[in-house]
There are 2 protein chains.
Amino acid sequence: MKRYFLLTLLSINVLTVFSQSTLVDKTRSFRQANEHQLLHEFMGLLSIPNVVYDTVGIQKTANYIVKMMKDRGIKTQKLDATTKGVPPAIYGEIIVPNATKTLVFYAHYDGQPVNPNQWAEGIKPFEAVFLDASLEKGGKIINVPKASESINPEWRIYGRSASDDKAGVFTILSAYQAMNKMGIKPSVNLKFFFEGEEEAGSTHLEEILAKHKDKLKADLWVICDGPVHQSGRKQVVFGVRGDVNMEVKVFASKRPLHSGHYGNWAPNPANLLVNLLTTMKDTKGKVLIKGFYDDVTPLSALEKQALANIPPPDEQMRNELGFVRAEGDGKSLAELISLPSLNINGIASANVGKMVANIIPTSATAALDLRLVLGNDAQRQVQKVIEHIKLQGYYVTTNESITDEERLKYPLIARVQAKDGYNAQRTKMDLPIAQLIIKAVQSTSKENIVLMPSSGGSLPLYLFDKHLSTPTITVPIANHDNNQHAENENIRIQNLWSGLETYVALMSIQ
Amino acid sequence: MKRYFLLTLLSINVLTVFSQSTLVDKTRSFRQANEHQLLHEFMGLLSIPNVVYDTVGIQKTANYIVKMMKDRGIKTQKLDATTKGVPPAIYGEIIVPNATKTLVFYAHYDGQPVNPNQWAEGIKPFEAVFLDASLEKGGKIINVPKASESINPEWRIYGRSASDDKAGVFTILSAYQAMNKMGIKPSVNLKFFFEGEEEAGSTHLEEILAKHKDKLKADLWVICDGPVHQSGRKQVVFGVRGDVNMEVKVFASKRPLHSGHYGNWAPNPANLLVNLLTTMKDTKGKVLIKGFYDDVTPLSALEKQALANIPPPDEQMRNELGFVRAEGDGKSLAELISLPSLNINGIASANVGKMVANIIPTSATAALDLRLVLGNDAQRQVQKVIEHIKLQGYYVTTNESITDEERLKYPLIARVQAKDGYNAQRTKMDLPIAQLIIKAVQSTSKENIVLMPSSGGSLPLYLFDKHLSTPTITVPIANHDNNQHAENENIRIQNLWSGLETYVALMSIQ
């Protein structure tokens, strides 16, 4: 009985593919006739710096999006937080006569920091360019196609937020534009919500949701962020991991020392840090911190079944990424992202390469992010790491600088700073509205779509539960090899086109 | 008998302090009358970029020094290597009628790389400035003193090579200038040799010495480089450690990955590197690489005695440097620099701080330097490290980039590149010429000078043995807290003045 129930929920009604095929075809025709204009507007959006800490760039990006919405006849408003000076969320709504359901479409318009020196030659984060393939496949920069030239859907656009998440903003607004131009009425009331602070950990999203609670009433939030499955199949994602960032900085001498005259007598902070980090995680990727895997809420039967149905991307991905030895001691990627993680985002101590000098550095820093699953609490997880560092003999402080008194009192000194972070969230896969979403996305794809109980990535989706009591489901559109968060971020053009069809279907659920 | 012999050699003849006091006094008077002109010329020298890889800056620096020498009436020549395009050594000589001995005075005019962002606010590596104290003691930038203002000898000059080693060039040439102006004839023939490639590992010094062997004949090379003892006492150093630099780079995915979607399944190179480095050295500073401490030539009885006489700087230095826990498990600094070392000069993987992103990096790099003592061979020591890395399961290559084939063949991949490096050297403390040098330096100081069997630092002094069969002795002048090789390099002005007196005495040995 239980098994039958599971299969019914997870099985895909192939008939809907044909019944909705008219909508997909129409959307495709519209897109084919308007590719150049669509991409022109998108390139304009990508040309505006949107690093989350760049208040001027963030403001300009918000204004561009407001104009995009006005051009589409969407009533638009900036939703502020209680705290002043915070990047606003951009809100808009389309009320549809006789519609009984309301969906909020979410994307974020801010982007991760950039280090232009790390990007490939000729590619600047905020001067988006077309490439004829991905860099990894030898792609070269090509001219922006003229109106008379056809656009190859395998081409890519490179630039910060090309995928994460200006592609989301663009796809949602272009789907509505397409419906408008095609004269098709949405089946539900549409609300649009574009956040401007996601990459800083959505610090003020909670305030915005609480303050504008009434306006944001809905049956479901549809989140457009992250990549489709590595196999290229479309996917619907029912949850996210939580995330919290930490920085661990180990101190030694007050001034850098000549490595000959003082090595090895003066303590080397890089040596101390590598030893400390080694106590945290073994070479197989298992975190050794006490209690790190406690608190985890087990997956439901339905979620386990979904996990088992996910095509294993492991071998394809290892080939593509160029490694044979994965972490996790043989567990699959899908299993591993159901666990909390501790990842080193970066390490720095003095210099390497051309800038190297024969010194003993004064400090060494590691940036860590902890991904959290259902049951974990961000600050409780941070506390486990801090306790572990103390257990290794360190005096731990959160203060920006170390006093002389502290230096002469404690043999080992670490500054540990953690952000607030946020917890994981999962929407139940058997909700009726979840089934409507699955059906709509499947209607746009000939292949079975992938149903993911939780993404490995993070968004503060628990806030929608907490403040609005509204479930969230993520429907991503980006290619999996988009380099989001890193240098050389990009989007494959076909993913924009497929995404457009997906989002038109989502605005037409029935 | 043996003990008596040792004491005789090491004991300081306090009477010579008085017999040579006229020379010291005269030098002091000359300096006091000429401080502004002396420092003006020195500041000019410091204003020329001299990073060892900056060929234009190196050329300009060389030309400035040639002019300084010509101004002093020294016959000057640039000594080239067999290899073309190498920074030349600048050579000059003063033949003194009836002199029976010849000393070569060595310093180097190139400097370590600089990262201007790491220097304190307002201090630029090649725009030397005066400070009224060291930065660590709250020193502030002050104006260049006018001719009418007196110069406080506790002031410091900040800039790249202020200590290492333009101070050496300046002191040697100013000592000769002082003798000239005072009308005092040197007691020995003087040769001057200023190297331009020391901070790159003196790659072509061997060629220069071999090619100009006849010209460089002498009884002793006097090396002006490095700091005086941490207690502030003058010191004479009879050897140097060898040094060889290595870079270890660990590879993982070809492209940076989102730490949520792929953590912790994709291998993290930073995690691999910290684990690898941890296997090399424990937290007490002991190197764990097999055979690392083999090959060491034991100290002679005289050298052991000298070591025992060195005032322990440990506690003073720990207070000054701001740490309580030294490496070396309780051994003294002097003992520890008699051992080979493995030091992490720097580590880098992706970014930390404001630039951090939630990614899994593609690679992680550690810069290492290995200091060598008598008996070690640079390449043999490098090989021990490489064997150790292989023992940890790594495929080791020296190639610049990793092929796809290698990536899909080997679970763990490290690129290990080593420079040529050079071996240690020690001059016997009981040579008659060594005793003359000790006597001369002691004649300029009321405190007992420190006799060091070997510096912790490195210079390719073995080459003088090998090609010229000539011993070397180092007589440093810089303050110990000069930040050489690092940001905020500086010299205390009194050290320049004391150094001047030392070098006048060295040109007058008898």
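Throughout this description, residue numbers start from 1 for each chain and increase along the sequence as written. In the order they appear in the text, chains get letters beginning with A and ligands get numbers beginning with 1. Whole-chain, interface and lining totals are the exception, using all residues; otherwise, since this is a predicted model, local features are given only for residues with pLDDT of at least 70 and side-chain atom pairs are given and counted only at 80 or more. The side-chain values count all of the structure's non-hydrogen atoms but skip hydrogen atoms and water molecules.

Chemist: Explain the pattern of salt bridges residue by residue, including any values.
Modeler: Residues and elements named next belong to chain A. The salt bridge definition used is simple: a Lys or Arg side-chain nitrogen within 4 Å of an Asp or Glu carboxyl oxygen. Summed over the entire model, instances satisfying the criterion amount to 41 salt bridges over all chains. The salt bridge involving Glu-41 is made with Arg-72; its shortest N-O contact spans 2.8 Å. Of this pair, Glu-41 sits in helix H3 (residues 21-46) while Arg-72 sits in the loop between helix H4 (55-71) and strand E1 (75-79), and the two are 31 residues apart along the sequence. Like Arg-72, Glu-41 is buried. For Arg-371, the salt bridge is made with Asp-243, and the minimal N-O distance between the two is 3.5 Å. Here Asp-243 lies in strand E11 (residues 242-251) and Arg-371 lies in strand E15 (residues 363-372), a separation of 128 residues in the sequence. Each helix corresponds to a stretch of at least 4 residues labelled H or I by DSSP, and each strand to a stretch of at least 2 residues labelled E; elements are numbered beginning at the N terminus. When accessible area is computed with a 1.4 Å probe and restricted to protein chains, residues below 20% of their type maximum are described as buried, those above 50% as exposed, and intermediate ones as partly exposed.

Chemist: Can you lay out helix H10 (residues 314-321) of chain A for me, pointing to particular residues and giving the numbers?
Modeler: Three or more residues of H10 of chain A are buried, namely Asp-314, Met-317 and Leu-321 of chain A. When H10 of chain A is viewed along its axis, its buried side chains cluster within an angular range of 65° and face the same direction. Those residues of H10 of chain A hidden inside the fold are in contact with helix H11 (333-336) of chain A together with strand E12 (257-258), helix H7 (259-262) and helix H13 (404-409) of chain B. Looking one or two residues beyond H10 of chain A, the residue adopting positive phi is Gly-322 of chain A, at roughly 80°. The directions considered for the arc run from the helix axis to the C-beta atoms. Any two residues whose heavy atoms approach within 4.5 Å are treated as being in contact.

Chemist: So what's going on with the sheet that holds strand E17 (residues 413-418) of chain B? Residues and values would help.
Modeler: Across the sheet, which stays open at both edges, the ten strands sit in the order E16(A)-E17(A)-E11(A)-E15(A)-E13(A)-E13(B)-E15(B)-E11(B)-E17(B)-E16(B) with mixed pairing between neighbours. Every other strand in the sheet has two partners, leaving strand E16 (395-397) of chain A together with strand E16 (395-397) of chain B as the edge strands with one partner each. On average, each strand axis in the sheet is inclined to that of its neighbour by 25°, with strand direction left out of account. Two strands pair if DSSP finds at least two bridges between them. Judged from the seven bridges that link them, strand E13 (residues 341-350) of chain A and E15 of chain A form a sheet pairing that is antiparallel. Residue Ser-341 of chain A lies in a different strand from E15 of chain A, and its bridge partner there is Arg-371 of chain A. Across the sheet, helix H8 (residues 269-280) of chain A is in contact with E11, E13 and E15 of chain A together with strand E13 (341-350) of chain B; its angle to E15 of chain A comes to roughly 20°. Helix axes are fitted only over the stretch in contact, all axes being lines through C-alpha atoms; the angle between N-to-C directions runs from 0 to 180 degrees. The strands touched by helix H8 (residues 269-280) of chain B within the sheet are E13 of chain A together with strand E11 (242-251), E13 and strand E15 (363-372) of chain B, with E15 of chain B carrying the most contacts at an inclination of about 20°.

Chemist: Outline the pairing of strand E8 (residues 220-223) of chain A, listing residues and values.
Modeler: Along any regular strand the residues' side chains alternate between the sheet's two faces. Residues and elements named next belong to chain A. On E8, burial covers both faces: Leu-220 and Val-222 on one face and Trp-221 and Ile-223 on the other are all buried. Here four bridges tie strand E3 (residues 102-108) to E8, and the two strands are oriented parallel to one another. Bridge pairing links Leu-103 to Leu-220 in E8. Sheet analysis places E8 next to strand E20 (residues 472-474), joined by three bridges and oriented parallel. In the sheet register, Ile-223 faces E20, and the bridge partner there is Thr-474.

Chemist: Mind laying out the relation of the copies chain B and chain A, listing which residues take part and the relevant values?
Modeler: Here the copies were fitted onto each other by least squares, based on C-alpha atoms from residues at pLDDT of at least 70 in both. Under the fitted operation, chain B is carried onto chain A by 0.0 Å of movement along the axis and a turn of 180°, and the coordinates agree to an RMSD of 0.0 Å. Expressed as a symmetry operation, the mapping of one chain copy onto the other fits a two-fold axis. Most of the interface of chain B is mirrored in chain A, where 100% of its interface residues are also at the interface.

Chemist: Residues and numbers for the sheet that holds strand E4 (residues 129-131) of chain A, please.
Modeler: Residue and element names in this part refer to chain A. Taken together, four strands build an open sheet; the order of strands is E5-E4-E6-E21 and the sheet is antiparallel. Strand pairing shows two members of the sheet lacking a second neighbour, strand E5 (141-142) and strand E21 (490-492), which therefore form its edges. In this sheet, strand E6 (residues 156-158) lies alongside E4 in antiparallel orientation, the contact comprising three bridges. Residue pairing for E6: Leu-131 is matched across the bridge by Arg-156.

Chemist: With reference to specific residues and values, describe the interface of chain B and chain A.
Modeler: Taken together, the contact pairs 101 residues of chain B with 101 residues of chain A. When two parts are brought into contact, each loses some accessible area as probed by a 1.4 Å sphere; the total of that loss over both is the buried area. With both sides pooled, the region where chain B packs onto chain A buries about 8900 Å², and carbon together with sulfur makes up 56% of that total. On the chain B side of the interface with chain A, the three residues burying the most area are Arg-255, Asn-264 and Trp-265 of chain B, jointly 11% of the side's total. Between chain B and chain A we count two salt bridges in total. Arg-255 of chain A is paired through a salt bridge with Glu-320 of chain B; the nearest N and O atoms lie 3.0 Å apart. Polar contact is the term for a pair of N or O atoms within 3.5 Å; when the atoms are in protein, one must be able to donate a hydrogen and the other to accept it, and sequence-neighboring residues count only if both atoms are side-chain atoms. At the junction of chain B with chain A, the criterion picks out 46 residue pairs in polar contact (both at pLDDT 80 or more). Among the elements that make up the side of chain B that touches chain A, the one with the highest residue count is E13 of chain B (ten residues). Classifying every residue of the side of chain B that touches chain A by side-chain character gives 41 nonpolar, 39 polar and 21 charged. Summarising the sheet, E13 of chain A and E13 of chain B pair through five bridges and their orientation is antiparallel. Residue pairing in the sheet places Ser-349 of chain A in a bridge with Ile-347 of chain B of E13 of chain B. Each residue is assigned to one class: nonpolar for Ala, Val, Leu, Ile, Met, Phe, Trp, Tyr, Cys and Pro, charged for Asp, Glu, Lys and Arg, and polar for all the others, Gly among them.

Chemist: Could you give an account of helix H16 (residues 493-506) of chain A, naming the residues involved and the relevant values?
Modeler: Counted at 1.5 Å a residue, the expected span for H16 of chain A with its 14 residues is 20 Å, and the 20 Å between its end C-alpha atoms agrees. The buried count for H16 of chain A comes to 13 of 14 residues, which makes it a mostly enclosed element. A helix is expected to reach a length of 1.5 Å times the quantity of its residues less one.

Chemist: Can you break down the packing of H8 of chain B against helix H12 (residues 378-391) of chain B residue by residue, with the values?
Modeler: All names here are of chain B. Two numbers describe how H8 lies on H12: the axes approach to 10 Å, and their chain directions differ by 125°. Comparing the axis directions of H8 and H12 gives the class oblique. Read as a crossing pair, H8 and H12 show a hand that is right-handed. Between H8, through Leu-276, Thr-279 and Met-280, and H12, the contact on the second element is made entirely by Val-385, His-388 and Ile-389. For the contact of H8 with H12, the residue count by class is four nonpolar, two polar and no charged. Note that the term roughly parallel is reserved for angles under 35 degrees, roughly antiparallel for angles over 145, roughly perpendicular for angles of 65 to 115, and oblique for everything else. By definition, turning the near helix anticlockwise from the far helix through less than a right angle yields a left-handed crossing, and turning it clockwise yields a right-handed one.

Chemist: Go over unusual backbone geometry, please, and point to the residues and values.
Modeler: Residue and element names in this part refer to chain A. In this chain, Asp-164 is followed by Asp-165 through a cis amide linkage whose omega measures 15°. With respect to the helices and strands, Asp-165 occurs in the loop between E6 and helix H5 (166-182). Even without being glycine, His-485 reaches a positive phi, approximately 80°. Assignment of secondary structure puts His-485 in the loop between E20 and E21.

Chemist: Break down the packing of aromatic side chains for me, citing the residues and quoting the values.
Modeler: Two aromatic rings from Phe, Tyr or Trp, using only the six-membered ring of Trp, form a pair when their centres are within 6.5 Å; if the ring planes differ by under 30 degrees the pair is stacked, by over 60 it is edge-to-face, and anything between is tilted. For the structure shown, the criterion picks out 26 aromatic pairs over all chains. An angle of 70° between the planes, with centres 5.0 Å apart, marks the rings of Phe-193 of chain B and Trp-221 of chain B as edge-to-face. Pair noted here: Phe-193 of chain B is in strand E7 (residues 189-195) and Trp-221 of chain B is in strand E8 (residues 220-223), with a separation of 28 residues, a long-range link. The exposure class of Phe-193 of chain B is buried, given its relative accessible area of 0%. Note on Trp-221 of chain B: relative accessible area 0%, which makes it buried. A centroid spacing of 6.4 Å and a plane angle of 40° characterise the contact between Tyr-262 of chain B and Trp-265 of chain B, whose relative ring orientation is tilted. Grouping residues by exposure puts Tyr-262 of chain B and Trp-265 of chain B together as buried. What links up through ring pairs into an aromatic cluster is the set Tyr-106, Phe-193, Trp-221 and Phe-464 of chain A.

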